[in-house]
There are 2 protein chains.
Amino acid sequence: MSDLLERLRERGWRMTAQRRVVAEVLDGEHVHLTADEVHARAAGRLPEISRATVYNTLGEMVSLGEVVEVTTDRRAKRYDPNAHRPHQHLVCARCGTIRDVHTSGDPLSQLPADERFGFTVSDVEVTYRGLCPDCAAGA
Amino acid sequence: MSDLLERLRERGWRMTAQRRVVAEVLDGEHVHLTADEVHARAAGRLPEISRATVYNTLGEMVSLGEVVEVTTDRRAKRYDPNAHRPHQHLVCARCGTIRDVHTSGDPLSQLPADERFGFTVSDVEVTYRGLCPDCAAGA
DNA sequence: GCTTGACTTGGACACTGTCCATTGTACGAT
DNA sequence: ATCGTACAATGGACAGTGTCCAAGTCAAGC
Ligand SMILES: [Mn+2]
Ligand SMILES: [Mn+2]
Ligand SMILES: [Zn+2]
Ligand SMILES: [Zn+2]
């Protein structure tokens with residue numbers, strides 16, 4: 001039983017086979033799958049699970065704060081079960097590999113008050129881009 | 001004649017009515033329009049301009065480094081003619097207003113060497129989110 | 001075991017963006 | 001000024017991602 005599934009059950013979720021496999025697929029470190037990747041892997045265990053259910057379930061997990069959406073490209077959103085420790089992402093521009101990284105300071109504090117235009121700034125999203133070692137080596 | 005159009009002509013662009021109106025629509029400060037918004041405004045001056053041409057033209061401007069793509073939400077890409085001064089964006093989570101902002105330091109330097117995993121890091125994208133004064137006031 | 005409201009399903013639909021064959025045109029050459 | 005040609009514009013088909021809905025199914029409490 002994954003920690004994620006445990007937390008969801010504590011929140012009163014009705015436990016279904018579909019939700020179980022989605023939670024299981026998302027279990028682990030450095031996981032950043034698209035909804036359709038989640039669907040493909042979930043279908044490996046539960047062949048008839050539908051796309052709509054995967055989208056619904058992921059959306060609910062995001063609403064509950066147990067999964068975060070990550071947008072590192074303009075294609076599909078990615079779903080990240082590492083929701084309880086703020087972090088940023090480092091993306092290879094060539095192969096798409098994504099690594100969790102941590103900045104040396106709080107990026108929010110880098111925005112001076114006179115650059116906030118009266119906004120109540122509550123969140124910042126940082127994506128670093130470059131080439132991973134393999135791609136930089138021409139692999 | 002916009003500065004943007006001037007620069008494009010210097011690069012040997014064949015000048016067409018369509019490219020002119022797209023460049024004119026993109027002229028100005030704090031402009032962050034989607035492709036379809038550009039198309040709608042361009043069609044105000046040149047009714048028969050096609051969606052494909054707007055997409056082609058914007059893509060060419062991006063390739064030439066005269067316009068930058070901005071992804072502040074998971075809907076449409078936005079096109080920013082402010083391509084010659086690096087900056088970040090501050091977005092209202094409620095109404096979508098986008099402001100250009102400048103951080104106090106270079107965000108790239110905030111990623112320590114031991115968090116780079118051997119990547120050649122060349123770029124960083126920072127998006128601040130919050131509520132603009134109007135939305136915070138409940139307007 | 002029933003009952004019931006929550007959950008799942010498949011498919012239609014919307015939005016953004018790409019592609020391509022055809023038609024049109026800007027611009028250098030004459 | 002006209003022409004020829006390579007480059008550009010067009011519109012419609014198509015693809016990827018995500019949402020929505022009506023109908024069927026099921027988990028969980030009684
Ligand atoms: Mn992550
Ligand atoms: Mn901008
Ligand atoms: Zn790579
Ligand atoms: Zn606002």
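Remember, predicted model here, so these are calculated numbers, not experimental data.

Asker: It is not clear to me how the UniProt feature "binding site: Zn(2+)" (unreviewed entry) in chain A should be interpreted in this structure. Could you clarify?
Answerer: UniProt feature "binding site: Zn(2+)" (unreviewed entry): in the numbering of this structure it lies at Cys92(A), Cys95(A), Cys132(A) and Cys135(A). What stands out for the annotated residues spanning 44 residues is how close their C-alpha atoms remain, the widest pair being 8.1 Å apart. If you trace the backbone, Cys95(A) turns up in the loop between strand E4 (88-92) and strand E5 (98-101). When its relative accessible area of 43% is taken as the criterion, Cys95(A) is described as partly exposed. Setting aside residues up to four positions removed in sequence, Cys95(A) forms contacts with Cys132(A) and Cys135(A). Counting through the fold element by element, Cys132(A) comes out in the loop between strand E6 (120-131) and helix H5 (133-136). Residue Cys132(A) is classed as buried on the basis of its relative accessible area, which comes to 7%. When neighbours within four sequence positions are excluded, Cys132(A) is seen to be in contact with Cys92(A), Cys95(A) and Phe119(B).

Asker: Looking at this model, I keep getting lost on the coordination of the manganese ion (ligand 1). Mind explaining?
Answerer: Residue and element names in this part refer to chain A. Around the manganese ion (ligand 1), the donor atoms from the protein are His-32 (NE2), Asp-80 (OD), His-87 (NE2), His-89 (NE2) and Asp-100 (OD), and they sit 2.0 to 2.3 Å away. Positions of the donor residues of the manganese ion (ligand 1), expressed as sequence spacing, correspond to H-x47-D-x6-H-x1-H-x10-D. Of this pair, His-32 sits in the loop between helix H2 (17-25) and strand E1 (33-34) while Asp-100 sits in strand E5; the two residues are 68 residues apart in sequence, bridging distant segments of the chain. Judged by its relative accessible area of 7%, His-32 is buried.

Analysis parameters
- Residues numbered from 1 in each chain as written.
- Chains lettered and ligands numbered in written order.
- Predicted model: local features only at pLDDT ≥ 70, side-chain atom pairs only at ≥ 80, totals over all residues.
- Heavy atoms only, no water.
- UniProt positions renumbered as here; feature names shortened; annotations may be inferred.
- Helix = DSSP H or I, 4+ residues; strand = E, 2+ residues; numbered from the N terminus.
- Buried < 20%, exposed > 50% of the residue type's maximum accessible area, 1.4 Å probe, protein only.
- Contact = heavy atoms within 4.5 Å.
- Donors = N, O, S within 2.8 Å, 3.2 Å for Na, K, Ca; no water.

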